[in-house]
Amino acid sequence: MEFFHEPKIDWMGKKWYFIGLTMVLLVAGMVSIALRRGLTYGIDFRGGTLVYVKFTKAPDLDAIRGQLRRENLGEATIQRFGGAQENEVIIGLDLGATASSNALDAGKRAIVMALEGLFGAGPAGKVDFNNASPQTVAEHLVVADPLHLASKGSDEAMKAYRELAEALVNYRNSPPRSGLIGDLGELRSVAGATPAVLETLGKDFYLSSYAVRNTEIVGPKVGSDLRRQALYVTLAGLGAMLVYIWFRFELIYGVAAVIATFHDVLITIGIFSLLNKEISLTVIAALLTLVGYSMNDTIVVFDRIRENVRLNKRENFFDLVNRSINQTLSRTILTSGLTFLAVLSLYLFGGEVIHGFALTLVIGVIIGTYSSIAIASPILVFFYQRAGKTRMSEKPRILERETADARR
Amino acid sequence: MDTKVRIRVIVIAAVIVLCFLGVICYPHGEEEIVGFPTSFQRMKENVRERIRLGLDLKGGTHLVLQVQVEDAVNITNDLTRERLQDEMRAKSIAFADVQKGDSTHILIKGIPQEKSTELQSLASEQFPDWDLSRVTGDPTARQVALRASAAAGIRNQALLQAMNTIRNRIDQLGVTEPTITEYGRGDYMLVVQLPSVDDPSRVKDIIQNTAMLTLKIVQDGPYATRDAALAAHGGVLPPDTELLPGKRESANESSGGEAWYLINRIAAVTGRDLRDAQPRPDENGRPSVNFTLTRDGAVRFGRVTGQNIGKQLAIILDNRVFSAPTIQGQITDNGRITGSFTQQQASDLALVLRSGALPASIKYLEERTVGPSLGADSIRHGVVASIVGLVAVMAFMLVYYRGSGINANLALVLNLLILVAGLAYFGAVLTLPGIAGVILTVGMGVDSNVLIFERIREELRLGKTVGSAVSGGFEHAFHTIIDTHVTTIVSALILFTFGTGPIRGFAVTLTIGLLANLFTSVFVSRVIFDYVLTRREKGAELSI
């Protein structure tokens, strides 16, 4: 089976279409960024507090907002998170809201207090099982001793109850319950949870209707440090690539490749802005990976161009580039397609946490392939055409290297 | 089978076995060297030990904190000012005042002209870390400045000491496999990772507690306000004393309010003299902290308590008077701190005293807590995405390259096996982006095979024989494979250098995956081709 049997497409002839398309994408991205007054930064760069909360049933966002306002957290943002049946919510506070307090986690404590006020309060003296740690559960079990293990010695009893507590909490944490159980009876299926154990739990614990799954608090200093670092790292990545390709090919090849990759990064960020997605630390990591991947692709085409130059010094450069692209087209589309399959799977099935990362790669793989053909190669052609030399044999530097190679 | 091919197959088989062993064997205790599992349950446990999960998959807390190292410099400044005054008095060098400038500068006023050289020699002999200089505009004033190298030394020392003290405290709390490392460049920041701690408030308090304990004799007090205390002494503090606040000590527990004490500046005992501290019930059965002193500390303590029977002894924590019991008789090597503690608070205070005081205060800059349920969800998502991606890619290879697709898929599976074993052998941590790195390895790894196969197809199209087409394909594609892997690995290395936790996991996974891919796509694929070629009849087509 073969997709591309000896294609003979005039790529370089269509370069104005490519440039046009690129311009459209770039402008769309830049306009979006301008309209939104900058990029939407994730909490890693912005600083602030985020609390991820899961509820047993669909939460009433207005009630939550009202409670937060009562706790002087009126500027808090609340948004749904994940699928509709997950009943998850992210409550966020900007840096400004907690600027007055010295403690980093003042915002988180305030949010947790608000949640407790609205959803959590159980009967006095009882502990919330849905937010309890294994140690707490173990302590209560040891005191109540429903399995009558005290006779075996306190160490044995402690160990046994700690294991049982861990099993109970693990059961609560594993999907599909994912941290929340609605009824203590659900714990019946855990090994070792005898009716006596369940009775103890029922006496000492109640079940709130929410559980805090994740918290992220980033102070102002870390946020601004990271912003600066992310920029340097991206520039460092591009610089390293330039040096490497300069070393393996020639300077103009390196410049063309770097421009193409830079273009990829810009378009990806532009699309993020268009879709109003956040730029987090993992997105920057994905962008760097994209830099490496886009180089990959460009190198394959350049490799073939260089090989063809070596074989046909007299050929018109324009036609030679076309031929090189056609020769590598099958391979380019295939590998991009396969990598695309892999990252698409990550995007669709990888879950919310890795979502931004996966989206960056999905966009990046497509744009990266496109840029090797549509950006990097035309730049090469432009360069040689402007230098007035359309035949490779007229380029003295290449000729010297070729004869040096031939002599070897 | 051809001998050359046979040797290579054995090599590959050996690699496979080593990989398996690397993942499922884990030595428990000292008798086991290899730790081959004896049961299925044991094998699952071994795998769990071998594949270390990051905080984002296991659950836990990640803290970034900054050690306020200027505190340590300020303390040095305070101590130096006192010593300077003592030394100048001892050498009869008159002075009007010794003031603190900023953390690294001291200003001396009122030095008589004739004592100038004496002061100079005093400074260079007794205070080698400080530079004495004149002050323009005031001939009787001198400035003493801390040398930059000495200041840097104090700051770095404070950072290291803080790191050790924090590590000590976390160890005593019983957190499993915590990590404490320096973070960033030169800002005195630390990263603390606490796996499976999903409520960090207690740990944060314990880490942050400066826990400077001093025991000093009370001259006078308690007074209701600072001014009242000053007024009782004519508005001026007697020499070598200081005023410190505390809680009102009274027979009735419930009455609170501030109380100010006039306390001797020189401490009888400091935290450095503590040998041990344990939570014990006091004579009323309430939680309290018992402490024992080192031999030197005991001698000093015995002397001071013996000379001050009937006076109050202030137990001062972080410059606040915690309690001030009356000295009934000479005490030598132990004492007790009482107060309205809960059992937990007494236990935590004892822990913090045992680990030693922090040389500087701590400020938290970042806090992330992943609950274990989110970690479990992330693992599940990651595994599903990996399997779907893998199946999709393998299916495509079979359809597009037919027989050779099997070749590529075998190489891919081996690639993943080596990747997982590599993680286990290097003790690398698997994070959620790390799982993404595995998926990316799948996509980019099969790239190498595509390069080779496409080249082989081209060679076949040019009319070469099957054997030489395969050789030609591998030869020509080799350089391009190296190039593409190097660029991606360079990206990964940059990410590793600048990234933290989860992103490092991604960089490590991707790098190991691509390096393994060099082996599987070039060596293993070639061996499989050679094996297939020796088996087929002459002139038959290659399924590609």
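Residues numbered from 1 in each chain as written. Chains lettered and ligands numbered in written order. Predicted model: local features only at pLDDT ≥ 70, side-chain atom pairs only at ≥ 80, totals over all residues.

Draft legend 1. Main features of unusual backbone geometry. Residues and elements named next belong to chain B. Here Tyr188, not a glycine, exhibits a phi torsion of approximately 60 degrees, which is positive. You can see Tyr188 is positioned in the loop between strand S7 (179–183) and strand S8 (189–195). Not every positive phi belongs to a glycine, and Ser196 is a case in point at roughly 65 degrees. As for its placement among the helices and strands, Ser196 is situated in the loop between S8 and helix H7 (201–208). (Helix = DSSP H or I, 4+ residues; strand = E, 2+ residues; numbered from the N terminus.)

Draft legend 2. Structural context of the packing of helix H14 (residues 466–498) of chain B against helix H15 (residues 501–535) of chain B. Residues and elements named next belong to chain B. Running from amino to carboxyl end, H14 crosses H15 at an angle of 175 degrees, the nearest separation of the two axes being 9 Å. Taken together, H14 and H15 sit at an angle that is classed as roughly antiparallel. Considering only residue class, the contact of H14 with H15 consists of 19 nonpolar, six polar and two charged. (Axes fitted to C-alpha atoms, helices over the stretch in contact; angles between N-to-C directions. Parallel < 35°, antiparallel > 145°, perpendicular 65-115°, else oblique. Nonpolar A, V, L, I, M, F, W, Y, C, P; charged D, E, K, R; others polar.)

Draft legend 3. Structural context of the sheet that holds strand S3 (residues 88–93) of chain A. Taking strand neighbours across the sheet as the criterion, the eight strands line up as S2(A)-S3(A)-S1(A)-S6(A)-S18(B)-S2(B)-S8(B)-S7(B) in an open arrangement whose pairing is antiparallel. Among the strands making up the open sheet, the edge pair consists of strand S2 (77–81) of chain A together with S7 of chain B. Recorded for the sheet is a direction-independent mean angle of 20 degrees between the axes of neighbouring strands. Sheet analysis places strand S6 (residues 210–218) of chain A next to strand S18 (residues 362–370) of chain B, joined by five bridges and oriented antiparallel. When the sheet's bridge partners are listed, A:Glu216 is paired in S18(B) with B:Arg368. Strands S6 of chain A together with strand S2 (60–67) and S18 of chain B of the sheet are contacted by helix H8 (residues 220–248) of chain A, whose axis makes an angle of about 75 degrees with S18(B). (Pairing = 2+ DSSP bridges. Contact = placed C-beta atoms within 7 Å.)

Draft legend 4. Summary view of the confidence of the model for chain B. Chain-level pLDDT for chain B is 84 on average; 96% of the residues reach the 70-or-more range. Interface confidence in the predicted complex, given as ipTM, is 0.83; pTM for the same model is 0.81. (pLDDT = per-residue confidence, 0-100.)

Draft legend 5. Just the domain arrangement of chain B, in detail. What the domain assignment reports for chain B is domain 1 (3–23 + 50–58 + 372–535), domain 2 (70–150) and domain 3 (209–366). Inter-centroid distance (C-alpha atoms) of domain 1 of chain B to domain 3 of chain B is 64 Å. (Domains from an automatic or database assignment.)

Draft legend 6. How the structure looks around the pairing of strand S14 (residues 287–293) of chain B. All names here are of chain B. Here S14 lies mainly inside the structure; five of its seven residues are buried. Where strand S13 (residues 274–281) folds back on S14, the antiparallel hairpin that results is connected by five residues, among which Gly285 adopts a positive phi of roughly 85 degrees. Pairing analysis gives four bridges linking S14 to strand S17 (residues 334–337), with the strands arranged antiparallel. Across the sheet, the residue bridging to Val289 is Ile337, located in S17. (Buried ≥ 20, exposed ≤ 12 C-beta atoms within 10 Å, placed from the backbone.)

Draft legend 7. Fine view of the interface of chain A and chain B. Contacts between the two partners involve 57 residues from chain A and, on the opposite side, 56 residues from chain B. When residues of the side of chain A that touches chain B are traced back to their parent elements, those giving at least two are S6, H8, helix H10 (281–311) and helix H11 (317–349) of chain A. Here the element with the most residues in the side of chain A that touches chain B is H10(A); it accounts for 13 residues. Its residues placed into classes, the side of chain A that touches chain B shows 30 nonpolar, 20 polar and seven charged.

Draft legend 8. Layout of the nonpolar core. Core analysis: the biggest nonpolar cluster contains 220 residues, and B:Tyr261 and B:Ile439 have the highest contact counts within it. Here the element with the most residues in this core is H10(A); it accounts for 17 residues. If you look at the next biggest cluster of nonpolar residues, it comprises 14 residues, including A:Ala138, A:Leu141, A:Leu168 and A:Leu201. (Core = buried A, V, L, I, M, F, W, Y, C linked by C-beta atoms within 7 Å.)

Draft legend 9. Main features of the environment of A:Phe272. All names here are of chain A. Structurally, Phe272 can be placed in helix H9 (residues 251–274). Using a count of 23 C-beta atoms within 10 Å as the deciding quantity, one classes Phe272 as buried. For the pair Phe272 and Thr40, spaced 232 residues apart in sequence, the C-alpha to C-alpha distance is 8.6 Å.

Draft legend 10. Quick look at the sheet that holds S13(B). Residue and element names in this part refer to chain B. With antiparallel pairing, the three strands of this open sheet are ordered in space as S13-S14-S17. The sheet is open, and its two borders are formed by S13 and S17, each paired with just one other strand. The sheet shows a mean angle of 25 degrees between the axes of neighbouring strands, direction not considered. With respect to the sheet, helix H10 (residues 343–355) is in contact with S13 and S14, its orientation differing from that of S13 by roughly 175 degrees.

Draft legend 11. Region of the structure containing the packing of H9(A) against helix H12 (residues 355–386) of chain A. All names here are of chain A. The contact between H9 and H12 brings their axes to 8 Å, and the two run at 145 degrees. For the pair H9 and H12, the crossing hand works out as right-handed. Within the contact between the two elements, H9 uses Ile252, Tyr253, Ala256, Ala257, Ile259, Ala260, His263, Asp264, Ile267, Thr268 and Ile271 and H12 uses Thr360, Ile363, Gly364, Ile367, Gly368, Ser371, Ser372, Ile375, Ala376, Ile379, Leu380 and Phe383. In the contact of H9 with H12, the residues fall into 15 nonpolar, seven polar and one charged. (Left-handed = near helix turned anticlockwise from the far one by under 90°.)

Draft legend 12. Region of the structure containing the pairing of S18(B). Residue and element names in this part refer to chain B. Most of S18 sits inside the fold, with eight of its nine residues counted as buried. Pairing between S2 and S18: eight bridges, direction antiparallel. Its bridge partner lying in S18, Val64 is registered against Glu366.

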